[in-house]
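Residue-level structure breakdown
Take a look at the letters that make up each chain.
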Amino acid sequence: MKIKKLLLILSISLSSSSCRNETNQITNANASKRTELDKNALSDFKLPRLASNFPEYIKNLQRFAKENGIKPKTIDEAFADVYYLERAIAADKNQPEKKLNLTQYLAIVASPQQLTLAKKKMDEYRQQVNAAANSTNVSAEYIIALWGIESRYGMNQGKKDVISALSTLAFEGRREMFFSKELLQALKILERGDITKEKFKGSWAGAMGQCQFMPSSLLAYGKDGDGDGKVDIWNNVDDVFASIGNYLARNGWNKNINYWGNKVVLPDNFNTTLIGFNRNQSKSIADWQQLKIEFDDLKTKPANNTLAWLIQPNESKKTERYLVYSNFKTIMNWNRSYFFAISVGTIADSLMEK
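Only a predicted model underlies this, so the values are computations on that prediction, with no experimental measurement involved.

1. Points about the overall build of the chain
- Within the chain one finds 18 helices and seven strands.
- When the 354 residues of the chain are sorted by exposure, 56% land in the buried category.
- When contacts within the chain are restricted to residue pairs at least 6 apart in sequence, long-range pairs at least 24 apart make up 71% of them.
- Element-wise, carbon and sulfur atoms account for 48% of the exposed surface of the chain, whose accessible area totals about 16,300 Å².

2. Things to note about the sheet that holds strand E7 (residues 321–324)
- The antiparallel open sheet is built from five strands, whose spatial order is E4-E6-E7-E3-E5. Of all strands in the sheet, those bounded by a partner on one side alone are strand E4 (283–284) and strand E5 (294–295).

3. Observations regarding the packing of helix H10 (residues 126–136) against helix H15 (residues 237–250)
- In the contact formed by H10 and H15, the axes pass within 9 Å of each other and the chain directions differ by 30°. The pairing of H10 with H15 is recorded here as roughly parallel in orientation. Crossing of H10 over H15 shows right-handed handedness. Residue-level contacts link Gln128, Val129, Ala132 and Thr136 of H10 to Val237, Asp238, Phe241, Ala242, Gly245, Asn246 and Ala249 of H15.
- For the contact of H10 with H15, the per-class residue count stands at six nonpolar, four polar and one charged.

4. Remarks on the pairing of strand E6 (residues 307–311)
- Counted residue by residue, E6 has four buried out of five residues, so it is predominantly covered.
- Pairing analysis gives two bridges linking E4 to E6, with the strands arranged antiparallel. The residue of E6 that forms the bridge with Ser284 is Leu307.
- Here E6 pairs with E7 via three bridges, running antiparallel. Pairing of Ile311 across the sheet is with Tyr322, part of E7.

5. Quick look at the packing of aromatic side chains
- For the structure shown, the criterion picks out 25 aromatic pairs.
- On the basis of an interplanar angle of 35° and a centroid distance of 5.9 Å, the ring pair of Trp260 and Tyr322 is categorised as tilted. Of the two residues, Trp260 sits in the loop between H15 and strand E3 (261–265) while Tyr322 sits in strand E7, which places them 62 residues apart along the sequence. Just as Trp260 is buried, Tyr322 falls in that class too.
- Aromatic ring contacts, followed pair by pair, group Trp260, Phe277, Trp309, Tyr322, Phe328 and Tyr338 into a single cluster.
- The positively charged end of Lys283 is found above the aromatic ring belonging to Trp288, 5.8 Å away from the centroid.

6. A few points about the pattern of salt bridges
- The tally for this structure, following the rule as stated, stands at nine salt bridges.
- The closest approach of N and O atoms between Lys59 and Glu56, which form a salt bridge, is 3.4 Å. Taken together, the residues span about one helical turn, with Lys59 and Glu56 both in helix H5 (residues 54–67) at a distance of three residues.
- Overall, the relative accessible area of 46% leaves Lys59 in the partly exposed class.
- The closest approach of N and O atoms between Lys299 and Asp349, which form a salt bridge, is 2.9 Å. Of this pair, Lys299 sits in the loop between E5 and E6 while Asp349 is found in helix H18 (residues 338–352), placing the two residues 50 residues apart along the sequence.
- Since its relative accessible area comes to 30%, Lys299 is described here as partly exposed.
- A single salt-bridge network, built from bridges that share partners, covers Asp81, Asp161 and Lys197.

7. Let's talk about helix H8 (residues 102–109)
- Listing the buried residues of H8 in full gives Leu102, Tyr105, Leu106, Ile108 and Val109. An end-on view of H8 places all buried positions within 165° of arc, on one side of the element.
- By the N-cap criterion, in which a side-chain oxygen at the helix start approaches the backbone nitrogen of a residue two or three places on, H8 is capped by Asn101, the distance to Thr103 being 3.1 Å.

8. Overview of the environment of Asn60
- Counting through the fold element by element, Asn60 comes out in helix H5.
- Separated by 15 residues in the primary sequence, Asn60 and Phe45 have C-alpha atoms spaced 7.3 Å apart.

9. Observations concerning unusual backbone geometry
- Positive phi, close to 60°, is recorded for Asn137, a residue that is not glycine.
- Structurally, the position occupied by Asn137 is in the loop between H10 and helix H11 (140–151).
- For Gln212, which is not a glycine, the phi torsion comes out positive at approximately 50°.
- By the element assignment, Gln212 lies in the loop between strand E2 (201–202) and helix H14 (215–221).
- Owing to a relative accessible area of 1%, Gln212 belongs among the buried residues under this scheme.

Thresholds applied
- Residues numbered from 1 in each chain as written.
- Predicted model: local features only at pLDDT ≥ 70, side-chain atom pairs only at ≥ 80, totals over all residues.
- Heavy atoms only, no water.
- Helix = DSSP H or I, 4+ residues; strand = E, 2+ residues; numbered from the N terminus.
- Buried < 20%, exposed > 50% of the residue type's maximum accessible area, 1.4 Å probe, protein only.
- Contact = heavy atoms within 4.5 Å.
- Areas by Shrake-Rupley, 256 points an atom, 1.4 Å probe, with all protein chains shown as cover.
- Pairing = 2+ DSSP bridges.
- Axes fitted to C-alpha atoms, helices over the stretch in contact; angles between N-to-C directions.
- Parallel < 35°, antiparallel > 145°, perpendicular 65-115°, else oblique.
- Left-handed = near helix turned anticlockwise from the far one by under 90°.
- Nonpolar A, V, L, I, M, F, W, Y, C, P; charged D, E, K, R; others polar.
- Phe/Tyr/Trp six-rings, centres within 6.5 Å; stacked < 30°, edge-to-face > 60°.
- Lys NZ or Arg CZ within 6 Å of the ring centre and 35° of its normal.
- Salt bridge = Lys/Arg side-chain N within 4 Å of Asp/Glu carboxyl O.
- Arc of directions from axis to C-beta.
- Polar contact = N/O pair within 3.5 Å; in protein donor to acceptor, adjacent residues only side chain to side chain.

Keep in mind these values describe shape, not function.
Set out below in structure tokens:
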């Protein structure tokens, strides 16, 4: 497969990052409404989940939207030309990350060509991204890295109708409640007036704009970066950068550290039950070194009291291990994929090189 085509597939696949980490995409305020929403769910739809029954399901979605406070005018406009998006279901079941190992993944997402492009974009947008970094206390290099991975710097935002994508994925049924809630948030975005229905486009997963936010993330973390009173993550890079920074900041970004992880080598007969990303598996750098773990890259080693987790991204390649730190954990809030977070860190590292 040609690299350009694979990059496009990966960027669109990665655009579902928000839905793959759906529990971290809903704010506490939204979470408090779950019980109410669950009671109003689409459980009365009894027809088989066949494409021919999609129009009938749309009627249920419209009723669901009305029950949850969406104005009739918005509902009519949003569903006027809704369609069944078969591609969404096929893509949801066949994401490239499941088929590539880390080395293959990095060779595409963080290739020398991609690192060069990232540096070019950093130079081109330095003033704007630095403004977002200063306002959110998030490193500019990570904002650029996420922008690049999510949409290839705005070039691959997706061209699917967001309402159709979310409606189709709700109809498919495996994550009906998640996607029906995201649909409600999408309708609120239309109602708020940040984007018109004709321009309300995104990926097959319903992720939108240059930072590929799901609707709930846009409402929760979208930030007006230029003071024009709107949050336009489709066309306005000031808003894109501010929104990415705001997301990371509100999910625990530590402004005092500019590192995410180091490659390490384990001693023989190491206790592999210590490998993992659970809260109780973190140890200080000093404690890991007491266990004879050795650093295996040329990057700066954090202070000995820095908390770290030991991860093994490839189950099939047990020689690749990393110690990762709190900002890696924050990136994992964006997308719970080791491959994704390591790619973000790798690109950010390259941007920090002199």
